[in-house]
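Structure at a glance
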Amino acid sequence: MATQQFGAVLVPILGDQLTRDLASLRGRTKDDTVILMMEVWDEATYVKHHKQKITLIFSAMRHFAADLRDAGWQVDYVKLTDPDNAGSFTGEVARAVERHSPRAIHIVEAGEWRVQQAIEEWPDKFDCEIEILPDDRFIASITEFRDWAEGRETFRMEFFYREMRRKTGLLMDGDKPVGDQWNLDKENRKPPKGEMDAPQRPLFEPDAVTREVIALVEDKFSDHFGSLEHFEWPVTREEAEETAEAFFAERLTKFGDYQDAMVHGEDDLWHSMLSTSINLGLLDPLNLCRRAEAAYEAGEAPLNSVEGFIRQIIGWREYVRGFYWYFMPGLESDNALNARRALPEFYWTGDTDMRCLSDSIRSTHNNAHAHHIQRLMVLGNFALLAGCNTRDVQDWYLAVYADAYEWVELPNVAAMVLYADGGKLASKPYAASGNYINKMSNYCKECRYSPAKKTGEGACPFNPLYWHFMDRHRERLEQNHRIGRIYSTWDRMGEEKQRDYLDSAEAFLDTLVPAAKGWARQG
Ligand code: FAD
Ligand code: DLZ
Ligand code: SF4
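Everything in this summary refers to the structure shown in the same document. Nothing here was measured: the structure is a model prediction, and the numbers come from that model. (Residues numbered from 1 in each chain as written. Chains lettered and ligands numbered in written order. Predicted model: local features only at pLDDT ≥ 70, side-chain atom pairs only at ≥ 80, totals over all residues. Heavy atoms only, no water.)

**Brief notes about the overall build of the protein chain**
- Looking only at helices and strands, the protein chain has 22 helices and seven strands in total.
- Projected onto its principal axes, the C-alpha coordinates of the protein chain cover approximately 80 × 55 × 50 Å.
- When burial is assessed residue by residue, the protein chain has 60% of its 523 residues classed as buried.
- The long-range share in the protein chain, meaning contacts at least 24 apart out of those at least 6 apart in sequence, stands at 77%. (Helix = DSSP H or I, 4+ residues; strand = E, 2+ residues; numbered from the N terminus. Buried < 20%, exposed > 50% of the residue type's maximum accessible area, 1.4 Å probe, protein only. Contact = heavy atoms within 4.5 Å.)

Here it is as C-alpha cells:
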C-alpha cells in the first residue's frame, strides 16, 4: 500500500512486553507516540488459559499502562469489556489506526509464531509504515540462534549455553569458566531430606486493579481451569523486584542443591518463582543473572546455585526460544513417537491415586504453577510413558501455567518431554520409573502404590509403563547410545516377566478415563 504521512507513531505493546525499555519505545518522544494496549478475546481464549494466568496478564497490563501514563506517555488502553472491542490484535490495531491516523506503527516482534504471522500481514492491511523490531530482551537474537544452528543435525543446550556464557561474560575467568567447569548439573540433584524449611516467598494481596480483573475473569471465563482463591503473583515491577530480592537474599543459597527435589504440599521450595515476571517483561533476565553472579563473587551463594540459576536463564531459556523459532511451524505438529492416547481426565481434575501426580496437579490448579521437576518428571514423564497425544499435552501445558507462552512451552513439552521432535533437542527421552520419583521426593511413602512393587495390584504405575514405553519404541531407542543399553536388562528378564510388565501396563492404561473435550479449547 502507498504510505501517507499522518500523525504520531502508534506503538502497540503486547501483554508480555511490559517494560519501558522495550525496543519500540527506546528513543521515542512522548508527544509523538501513542501507545496501544489491548485486552482481546482471541488471546484470552486461543487456549482456555488458567484463570490466574488471564488475571495476571490483564492486571499487569493495567498496572503498566497506569505507570506509563504517570510517566507522561499517551496510552490508548482497550479493555476486554469495551463494547466495540474487535477481539483480536489486528482488529484493534485497525480501530486504533482509525482513531489516531498514525504515520507509522512500531512493534516489537511477537513471542508466538501465531501472533507474528498476523503482524507480518499488517503492511498489506494498514496505510502507514510498519516497523517490526527485534525483541532484544533476549540475549541471543533469532538470527543469532539460526546462525549457530544452521548445518547441525542435533542441538545440545550445553554448547549453546557456553556461547552465551562467552557472550555475556557471566561466570567467566578469561576464556575459562569460573571453577573450571561449565555445568554443575550433577550438584543440582540432592534428594529432599525430612521437612524442607524453605522460606516463604512474598505473596501479594490483590489491590483494587487486580480485584476488578478477578471479577471480570470470574464472570467471563468461569469455565476455564483453575482457582482464583489465592491470587498472589507479582503484577507490578516493584512487586516482581521484591520477589527477586527475597530470592537472592533467602533462597538462592539452596536453589542449586534442591533444584530437582519434590516435597508433598511444598510448591515453591528453593525455586525463584520469577518466570511469570521475566516472561511478562517485569524483570530483565540478564540483570537477574548479573545479580546472581554478584552474590557468588561476594561469597553469599555457592557456585552450584549460581551457575544453576544462570544456566536455566541464559542456557535453557534462550536455547528453547531459539529452538522454537528455528523449528516453527513444524514443531507444533511433530509426533515422532506417534503418541495418540487422549489426555486422561485427571490432568484437569487431579482425581488420581497417584500421589505425585495429584499433588502436582493440585499446585497447578491452585497456583497456575508447578516447579520444573514436577512438570518434567511427574506430569511430563507420565504423558510420555502413557503415549498421550502431543496436541492435548501441548494445549494442557499452555493453558494451565501462568508463565506459559508458546515459545517456551512448546519446546519444553514437544521436544523435551514428549520427544516428539525425534531427539533434536534432547539426547534421550526423559523416561523414568517410580524409582526416580521415589528417590527425589517424599511422595511415595504415603501413596496407595509402591515404587518397590514392579507389576500387578499396588505396583507403582510408572514401573510397568516404563517398560511398556521402552518395548513400544525399541526400534528407535535401541540405537540411542544413552539409553540403548537398558534393552539388555529387558532381554535378560525373560518372556514371562516381560509379559507381566506389559500386561500390567495395559491393564492400567485401560483404566484411564479420557478428558472430556472442551477443557483446553472451545468446541
Ligand atoms: P526456577 O527453577 O527458579 O528457574 C529460574 C528461571 O530459569 C525460571 O524463572 C525460567 O525463566 C528459567 N528456566 C528454567 N528452566 C527453564 C526451561 N526448561 N525453559 C525455559 N526457561 C527455564 N517455563 C516457562 O517460563 N514457561 C513455560 O510455559 C514452561 N513450560 C514448561 C513445560 C515443561 C514440560 C517443562 C519441563 C518446563 C517448562 N518451563 C516453562 C520451565 C520451568 O519449569 C519454569 O520456567 C519454572 O518452573 C518456573 O519457575 P521458577 O521461576 O521458580 O524457576
Ligand atoms: C496470554 C495473553 C492473554 C491471555 N491475553 C492477552 C491480551 O488480551 N492482550 C495482550 O496483549 N496479550 C495477551 N496475552 C499475551 C499474548 O498472547 C502474547 O503477547 C502473545 O502470545 C505473544 O505473541
Ligand atoms: Fe508416584 Fe508411584 Fe510414587 Fe505413587 S508410588 S507417588 S504413583 S511414583
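**What to know about the site of ligand 1**
- Around ligand 1, the surrounding shell holds 29 residues, and the nearest of these are His271, Ser272, Met273, Asn279 and Asp403.
- Within the contact set of ligand 1, an oxygen atom lies 2.9 Å away from a backbone nitrogen or oxygen of serine 275.
- The fraction of the free accessible surface of ligand 1 (810 Å²) that becomes covered by protein chains is 99%.
- When residues of the shell around ligand 1 are traced back to their parent elements, those giving at least two are α10 (275–280), α12 (303–327), α15 (372–386) and α17 (406–417).
- For the shell around ligand 1, the residue count by class is 16 nonpolar, nine polar and four charged. (Near = heavy atom within 4 Å. Polar contact = N/O pair within 3.5 Å; in protein donor to acceptor, adjacent residues only side chain to side chain. Areas by Shrake-Rupley, 256 points an atom, 1.4 Å probe, with all protein chains shown as cover. Nonpolar A, V, L, I, M, F, W, Y, C, P; charged D, E, K, R; others polar.)

**Regarding the sheet that holds strand β1 (residues 9–12)**
- Here five strands make up an open sheet; going across it, the order is β3-β2-β1-β4-β5 and the pairing parallel. In this open sheet, the two edge strands, each paired with only one partner strand, are β3 (74–78) and β5 (129–133). In this sheet, neighbouring strand axes are inclined to one another by 20 degrees on average, regardless of whether the strands run parallel or antiparallel.
- Across the face of the sheet, helix α2 (residues 51–70) comes into contact with β2 (33–38) and β3 while running at roughly 155 degrees to β3.
- Its contacts with the sheet put helix α3 (residues 89–100) on β1, β2, β3 and β4 (104–108), and the angle it makes with β2 is roughly 145 degrees. (Pairing = 2+ DSSP bridges. Axes fitted to C-alpha atoms, helices over the stretch in contact; angles between N-to-C directions.)

**Considerations on the packing of aromatic side chains**
- In the structure shown here, the tally under the stated rule is 42 aromatic pairs.
- Relative to tryptophan 519, the ring of phenylalanine 225 lies with its centre 6.4 Å away and its plane at 80 degrees, an arrangement referred to as edge-to-face. On the criterion of sequence distance, the pair formed by phenylalanine 225 in the loop between α8 (208–220) and α9 (237–255) and tryptophan 519 in the segment after α22 (495–511) is long-range, its members being 294 residues apart.
- Judged by relative accessible area, which is 25%, tryptophan 519 ranks as partly exposed.
- Judged by centre distance (5.2 Å) and plane angle (20 degrees), the ring pair of phenylalanine 346 and tyrosine 347 falls under stacked. Each member of the pair, phenylalanine 346 as well as tyrosine 347, is classed as buried.
- In textbook terms, an aromatic cluster arises when at least three aromatic residues are bridged by ring pairs, as seen for Phe225, Phe346, Tyr347, Trp348, Phe382, Trp396, Tyr397, Tyr401, Phe462, Phe508 and Trp519.
- One residue, lysine 53, lies across the ring of tyrosine 405, its end atom 5.8 Å from the ring centre. (Phe/Tyr/Trp six-rings, centres within 6.5 Å; stacked < 30°, edge-to-face > 60°. Lys NZ or Arg CZ within 6 Å of the ring centre and 35° of its normal.)

**Here we look at unusual backbone geometry**
- For the bond running from methionine 328 to proline 329, omega is 5 degrees, close enough to zero to count as cis.
- With respect to the helices, strands and loops of the structure, proline 329 is situated in the loop between α12 and α13 (346–349).
- The backbone of serine 101 shows a phi angle near 40 degrees, a positive value even though the residue is not glycine.
- Within the element layout of this structure, serine 101 appears in the loop between α3 and β4.
- The class for serine 101 is partly exposed, based on a relative accessible area of 32%.

**Structural notes on the site of ligand 2**
- Around ligand 2, the structure places 18 residues, and the nearest of them are Gly15, Asp16, Met38, Val40 and Glu43.
- One nitrogen or oxygen atom from the main chain of glycine 15 is found 2.8 Å from an oxygen atom belonging to ligand 2.
- Here glutamate 43 contributes a side-chain N or O atom positioned 2.5 Å from an oxygen atom of ligand 2.
- Of all the elements in the fold, those that place two or more residues in the shell around ligand 2 are α1 (41–45), α2 and α4 (113–119).
- The element that contributes the greatest number of residues to the shell around ligand 2 is α2, accounting for three residues.

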